[in-house]
Amino acid sequence: MRAVVINEYGSKNVLVGQELPKPEIKANQVLVEVYATSINPIDWKLRAGYLKQMFDWTFPIILGWDVAGKIVEVGSEVTYFQVGDEVFARPDTTAEGTYAEFTTVDEELLAKKPSNLTFEEAASIPLAGLTAWQSLVDNTKVKQGDKVLIHAGAGGVGSLAIQMAKHFGAFVATTASEKNEAYVKELGADEFINYRIQKFEEELSDYDVVIDTMGGDILNKSFQILKPGGRLVTIAGQPDLALTEKHQVTASSHWLKPNGKQLGEIGELLEKRILKPQVGSVFDFSAEALQKAHELSETHHAKGKIVIKVK
Ligand SMILES: NC(=O)c1ccc[n+]([C@@H]2O[C@H](COP(=O)([O-])OP(=O)(O)OC[C@H]3O[C@@H](n4cnc5c(N)ncnc54)[C@H](OP(=O)(O)O)[C@@H]3O)[C@@H](O)[C@H]2O)c1
């Protein structure tokens, strides 16, 4: 099969095309013919070698952890899914990722592709959507009437988190640059903070929840806007315990857990058009196109999701 791999850590130029054997499925897995995948910042963080301590992998590494496609083979223990099913998933984090014509997925991580979505739209959802969902539902338990700040509302995670938080009945503030004001308001944001000229920590107060996607200084300043008893989750750093105590809030760092059941719940919201996929750009499936897609993601200013059309 055709794959785009890395054989060393480095710049976008280490992404190269390679012919590899089709991966073999285990009893609890299916083989998915990949129609589309998407780019997430973890792809280029891994490519650059920033995460090599976390994953003990050997080259070649196939990056990519979002897939939408069709099942072409099922393992002997697979019960619910069949050959021919159109599915989407955030597969397990292995060195056999989704920048390839075929990929394996554990049955428990799969969900049926919403029928009203294209494969490109479906591939934009799993990793970013599950991250947004788990931050809002499992971690901060956002409920009707909560005031929620979502950092980077125009990004892959933020653009889905805004829509989900509105669906849960929250009042939503978000940060973005001026060019994205209309965009984040269309997604449902009630209050827009232009981070280039406004200081969110001076504009907002008495918030119930912060979803931090930025880390660093932004994470630290986010404590200031929470009311006592407020909840903060960061997906881009570690909260400072002293700040947690000072502001009498709860705070934690979240690392997404792939989950087919939750993805199915997100799929239902997509079917009902309560949630809309946010595909900002689509690239072809070649090493050159993936290099360009990584370059765009690495600017930190991509709008919505970057998708790769594989078939
Ligand atoms: N822990 C986990 O499990 C997990 C899961 C997913 C993602 N993440 C991490 O979460 C972060 C966000 O991921 P993503 O996929 O949403 O990234 P992304 O799509 O690349 O985010 C790009 C967006 O960030 C915005 N942005 C840049 N600087 C900003 C600032 N100072 N304030 C507010 N917005 C700003 C940009 O808006 P403008 O163009 O308007 O500036 C752009 O729309 C990444 O670091 C990623 O690695 C972690």
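The model shown is predicted, which means the values in this text are computed figures rather than measured ones.

## A look at the overall build of the protein
Phase 1 of the analysis: Looking only at helices and strands, the protein has 10 helices and 15 strands in total.
Phase 2 of the analysis: Restricting the contact set of the protein to residue pairs at least 6 apart, pairs at least 24 apart contribute 65%.

## Overview of unusual backbone geometry
Phase 1 of the analysis: A cis amide bond links Phe59 to the next residue, Pro60, at an omega of -5 degrees.
Phase 2 of the analysis: Assignment of secondary structure puts Pro60 in the loop between helix H1 (41–47) and strand E4 (67–74).
Phase 3 of the analysis: Phi is positive for Ala152, close to 60 degrees, though the residue is something other than glycine.
Phase 4 of the analysis: Summarising the element assignment, Ala152 is placed in the loop between strand E8 (147–150) and helix H4 (156–167).
Phase 5 of the analysis: With 25 C-beta atoms counted inside 10 Å, the residue Ala152 sits in the buried group.
Phase 6 of the analysis: Located in the positive-phi region is His300, a residue other than glycine, with phi close to 70 degrees.
Phase 7 of the analysis: His300 gets classed as exposed once you count the C-beta atoms within 10 Å, which come to 10.

## Re the pairing of strand E3 (residues 29–39)
Phase 1 of the analysis: Burial of E3 is extensive: 10 of the 11 residues sit out of reach of the surface.
Phase 2 of the analysis: Where E3 lies against strand E6 (residues 102–106), 5 bridges are found, and the strand directions are antiparallel. Bridging from a neighbouring strand, Gln29 pairs with Asp106 of E6.
Phase 3 of the analysis: Here E3 runs beside E4; their pairing, made up of 6 bridges, is antiparallel. Looking across to E4, one finds that Val30 is bridged to Val74.
Phase 4 of the analysis: Two strands pair when backbone bridges link them, and E3 and strand E15 (residues 305–309) are joined in this way by 4 bridges, in the antiparallel orientation. For Ile39, the partnering residue across the bridge sits in E15 and is Ile306.

## Thoughts on the sheet that holds strand E12 (residues 226–234)
Phase 1 of the analysis: One open sheet holds the 6 strands; their spatial order is E10-E9-E8-E11-E12-E13, and the pairing between them is parallel. Two strands close off the open sheet at either side, each with one partner strand: strand E10 (191–194) and strand E13 (250–253). Across the sheet, the mean angle separating the axes of adjacent strands is 15 degrees when strand polarity is ignored.
Phase 2 of the analysis: Relative to strand E9 (residues 171–176), E8 runs parallel, the two being bridged by 4 bridges. Paired with Leu149 across the bridge in E9 is Ala173.

## Here's the deal with the site of the ligand
Phase 1 of the analysis: Residues in close proximity to the ligand total 29 residues, the closest being Pro41, Ala154, Gly155, Gly156 and Ser177.
Phase 2 of the analysis: At the level of secondary structure, the elements contributing two or more residues to the shell around the ligand comprise H1, helix H3 (126–139), H4 and E9.
Phase 3 of the analysis: The element that contributes the greatest number of residues to the shell around the ligand is H4, accounting for 3 residues.
Phase 4 of the analysis: Residue contributions to the shell around the ligand reach at least three from each of two domains, namely domain 1 (2–125 + 277–309) and domain 2 (128–253).

## A closer look at the domain arrangement of the protein
Phase 1 of the analysis: Per the domain assignment, the segments making up the protein are domain 1 (2–125 + 277–309) and domain 2 (128–253).
Phase 2 of the analysis: Each of domain 1 and domain 2 has a C-alpha centre, and the two are 28 Å apart.
Phase 3 of the analysis: Residue-level contacts link 7 residues of domain 1 with 9 residues of domain 2.
Phase 4 of the analysis: Of the residues belonging to the side of domain 1 that touches domain 2, the class tally is 1 nonpolar, 3 polar and 3 charged.

## Digging into the packing of H3 against helix H9 (residues 260–271)
Phase 1 of the analysis: For the pair H3 and H9, interaxial distance at closest approach is 10 Å and the crossing angle is 95 degrees. Put simply, H3 runs roughly perpendicular to H9. In this structure, H3 contributes Pro126, Gly129, Leu130 and Trp133 to the contact, and H9 contributes Gln262, Leu263 and Ile266.
Phase 2 of the analysis: By residue class, the composition of the contact of H3 with H9 is 5 nonpolar, 2 polar and no charged.

## What to know about the nonpolar core
Phase 1 of the analysis: Ranked by size, the top nonpolar core spans 94 residues in total, and within it Phe88, Ala89, Val148, Leu149, Ala161 and Ala165 carry the most contacts.
Phase 2 of the analysis: Two domains each provide a minimum of three residues to this core, namely domain 1 (2–125 + 277–309) and domain 2 (128–253).
Phase 3 of the analysis: If near-sequence neighbours (up to four positions away) are discounted, Val148 is found in contact with Val142, Ala165, Ala170, Phe171, Val172, Asp208, Val209 and Ile211.

## Some words on the environment of Ser297
Phase 1 of the analysis: Within the element layout of this structure, Ser297 appears in helix H10 (residues 287–298).
Phase 2 of the analysis: When the 24 C-beta atoms within 10 Å are taken as the criterion, Ser297 is described as buried.
Phase 3 of the analysis: Each C-alpha atom, one on Ser297 and one on Gly156, is 10.0 Å from the other, the two residues being 141 residues apart in sequence.
Phase 4 of the analysis: When residues no more than four places from it in sequence are discounted, the contact partners of Ser297 are Ile39, Pro41, Trp44, Ala302 and Ile306.

Calculation rules
- Residues numbered from 1 in each chain as written.
- Predicted model: local features only at pLDDT ≥ 70, side-chain atom pairs only at ≥ 80, totals over all residues.
- Helix = DSSP H or I, 4+ residues; strand = E, 2+ residues; numbered from the N terminus.
- Contact = placed C-beta atoms within 7 Å.
- Buried ≥ 20, exposed ≤ 12 C-beta atoms within 10 Å, placed from the backbone.
- Pairing = 2+ DSSP bridges.
- Axes fitted to C-alpha atoms, helices over the stretch in contact; angles between N-to-C directions.
- Near = placed C-beta within 6 Å.
- Domains from an automatic or database assignment.
- Nonpolar A, V, L, I, M, F, W, Y, C, P; charged D, E, K, R; others polar.
- Parallel < 35°, antiparallel > 145°, perpendicular 65-115°, else oblique.
- Core = buried A, V, L, I, M, F, W, Y, C linked by C-beta atoms within 7 Å.

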